[in-house]
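Here is what each chain is made of, one letter per residue.
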Amino acid sequence: MAIKDILTLVDLAGKQQAAQVALQLASRTGAHATGLTVAFEPVVPGFIAGPMPADYVAIARDQALRAAHTAGEAFSELARKAGVPSETRTAEVITGGSAEAVLAHCRLTDLVVVGQDNPDEPEPMREMLIETVLFEAGVPVLVVPYIGGGLPMNNVMVAWDGSPTASRAVHAAMPMLQMAKKVTVMIVETGRRHEGEPGADIATYLARHGLSVTIDVVPRPHSGVADAILNYVSDHAVDMIAMGGYGHSRMREFLFGGATRDILASMTVPVLMAH
């Protein structure tokens, strides 16, 4: 499916790396770009016995809306300079509460672009929002590292393990794979026996879409799959990763660790994930 509609979560501060990548991609594909700002309203702690000032919540909400409006204006200016048709929207969210107000905007778009949480300029609920959109919006998510770097599309890598989530990521990434100068399918060796050459099936599928593909099977390091992927990206000048997100439940990933969580923490290039 062609990318005709892109939604990006606009950062409340910083250099707007995710918005810039979203607009760059929208310019290439002729897509409409929506900048979604989030107004985070504070939670009134339940343990406070005394009554809160009558205007406390109203003042806090007004400050959150003003911050979201300022971020939206910054996105609109970036879109104007990029020559991309755009609009801005605002979702109001109770800090630490449900993200349904955000999800409602994400479900009818082709791609959600969101920035990795920046430890120097942290965004409220950023990690939770990424996971929630990935699990519940039903659309692919492109996570952009806070260090930036753009999306040159010289070498796009598919992290392939044959799983349903990896398959969904390949389908979602197809428009970007077709833009890339080089497509590499990277397979981490697991020790399991395969019928035929590893990766032959996905190479055939991608070839039928007119792509010239390189298959690279790498040994799995003792430190795990995430390190194998991140090391490969660094060693081979990869510009973007397409991979399945959370092959297991979020609770299992949280308890036992997983490639998705590790890559979201240590990524250096944009990562397109589907679940």
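Residues numbered from 1 in each chain as written. Predicted model: local features only at pLDDT ≥ 70, side-chain atom pairs only at ≥ 80, totals over all residues. Heavy atoms only, no water.

K.L.:
I tried to follow the environment of cysteine 106 on my own but got confused; where do I start?
P.N.:
On the secondary structure map, cysteine 106 appears in helix α3 (residues 100-106). A residue is classified by how much of its surface remains accessible, and cysteine 106, at 0% relative accessible area, is buried. When the C-alpha atoms of cysteine 106 and leucine 134 are compared, they prove to be 10.0 Å apart, with 28 residues separating the residues in sequence. Residue contacts for cysteine 106: discarding those within four places in its chain leaves Leu7, Val112, Val133, Ala137 and Val139. (Helix = DSSP H or I, 4+ residues; strand = E, 2+ residues; numbered from the N terminus. Buried < 20%, exposed > 50% of the residue type's maximum accessible area, 1.4 Å probe, protein only. Contact = heavy atoms within 4.5 Å.)

K.L.:
For this particular structure, what's the right way to read empty space enclosed by the protein?
P.N.:
Remark: the empty space left among the atoms is shown by a probe the size of a water molecule rolled over them. Counted by the stated rule, this structure contains one cavity of 30 Å³ or more. As for the largest cavity, its lining consists of Leu9, Val10, Leu12, Val38, Phe40, Glu123, Arg126 and Leu129. Only β2 (32-41) and α4 (126-136) provide two or more residues apiece to the lining of the largest cavity. The residue makeup of the lining of the largest cavity, split by class, is six nonpolar, no polar and two charged. (1 Å grid on protein atoms, 1.4 Å probe; cavity = no way out; pocket = protein on both sides within 12 Å on 5 of 7 lines; lining within 4 Å. Points joined across faces, edges and corners; volume = space filled by probe spheres on them. Nonpolar A, V, L, I, M, F, W, Y, C, P; charged D, E, K, R; others polar.)

K.L.:
Can you walk me through the pairing of strand β4 (residues 111-115) in this structure?
P.N.:
Walk down a regular strand and you will see the side chains alternate between the two sheet faces. In terms of burial, β4 is a largely internal element, five of the five residues being buried. By the alternation rule, side chains of β4 split into Leu111, Val113 and Gly115 and Val112 and Val114, which are all buried. Examined bridge by bridge, strand β1 (residues 5-9) and β4 share three bridges and lie parallel to one another. By the bridge assignment for β4, threonine 8 is matched with valine 113. Sheet analysis places β4 next to strand β5 (residues 141-144), joined by four bridges and oriented parallel. Looking across to β5, one finds that valine 112 is bridged to valine 141. (Pairing = 2+ DSSP bridges.)

K.L.:
So what exactly am I meant to see when it comes to the nonpolar core here?
P.N.:
A general feature of soluble globular proteins is that nonpolar side chains tend to end up buried together. Formed by 43 residues in total, the largest nonpolar core has its most connected members in Leu9, Val102, Val133, Met157, Met186, Ile241 and Ile263. Sort the elements by how many residues they give to this core and helix α7 (residues 225-235) lands first, with six residues. Leaving out residues up to four positions away in the same chain, leucine 9 has contacts with Leu36, Val102, Val112, Val113, Val114 and Leu129. Ile6, Leu151, Trp160 and Ile187 belong to the second-largest nonpolar core, a separate cluster that totals 41 residues. (Core = buried A, V, L, I, M, F, W, Y, C linked by side-chain atoms within 4.5 Å.)

K.L.:
What exactly am I supposed to notice about the pattern of salt bridges here?
P.N.:
For side chains bearing opposite charge, pairing can occur when the charged atoms are close. Here the structure, examined in full by the defined rule, presents nine salt bridges. The residue arginine 126 makes a salt bridge to aspartate 11 at a minimum N-O spacing of 3.1 Å. One end of the pair, arginine 126, is in helix α4; the other, aspartate 11, is in the loop between β1 and α1 (17-29), and 115 residues separate them in sequence. You'll find arginine 126 and aspartate 11 in the same group, each marked buried. Across the pair arginine 126 and glutamate 123 runs a salt bridge whose closest N-O atoms are separated by 3.8 Å. Taken as a pair, arginine 126 and glutamate 123 share a single burial class, namely buried. Several salt bridges converge on common partners, so that one network encompasses Asp11, Glu123 and Arg126. (Salt bridge = Lys/Arg side-chain N within 4 Å of Asp/Glu carboxyl O.)

The quantities given are spatial measurements derived from coordinates; they are silent on function.
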